[in-house]
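One-letter residues, chain by chain:
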Amino acid sequence: MVALSSCEILDELEKLGIKPSELIQYVIEYSAYDVIRNIKLEDLKD
């Protein structure tokens, strides 16, 4: 297994054509989705 720093990961993603701004937007959207999903799962436990 290879360990990469966050800068190296961003460099590799850029080589694949993924722009850092697109990646940041994806992370923001996924984080919001994950928070909502976890809230709904917590509601089901009650």
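Structural data are supplied above this passage.
(A) Inspection of the pattern of salt bridges at higher detail. Counting across every chain of the model gives two salt bridges. We note a salt bridge from Arg37 to Asp34, for which the minimum N-O separation is 2.8 Å. On the criterion of helical spacing, the pair formed by Arg37 and Asp34 is a turn pair, its members being three residues apart in helix 2 (residues 20–45).

(B) Examining the packing of aromatic side chains more closely. Taken as a whole, this structure holds two aromatic pairs when the rule is applied. Summarising the aromatic geometry, the rings of Tyr26 and Tyr30 are spaced 6.3 Å apart at their centres and angled 25 degrees between planes, so their arrangement reads as stacked. Here Tyr26 pairs with Tyr30, and both are found in helix 2, just four residues apart, close to one helical turn. On the basis of relative accessible area, Tyr26 is assigned to the exposed category, the value being 52%.

Rules used in this analysis
Residues numbered from 1 in each chain as written. Predicted model: local features only at pLDDT ≥ 70, side-chain atom pairs only at ≥ 80, totals over all residues. Heavy atoms only, no water. Salt bridge = Lys/Arg side-chain N within 4 Å of Asp/Glu carboxyl O. Helix = DSSP H or I, 4+ residues; strand = E, 2+ residues; numbered from the N terminus. Phe/Tyr/Trp six-rings, centres within 6.5 Å; stacked < 30°, edge-to-face > 60°. Buried < 20%, exposed > 50% of the residue type's maximum accessible area, 1.4 Å probe, protein only.

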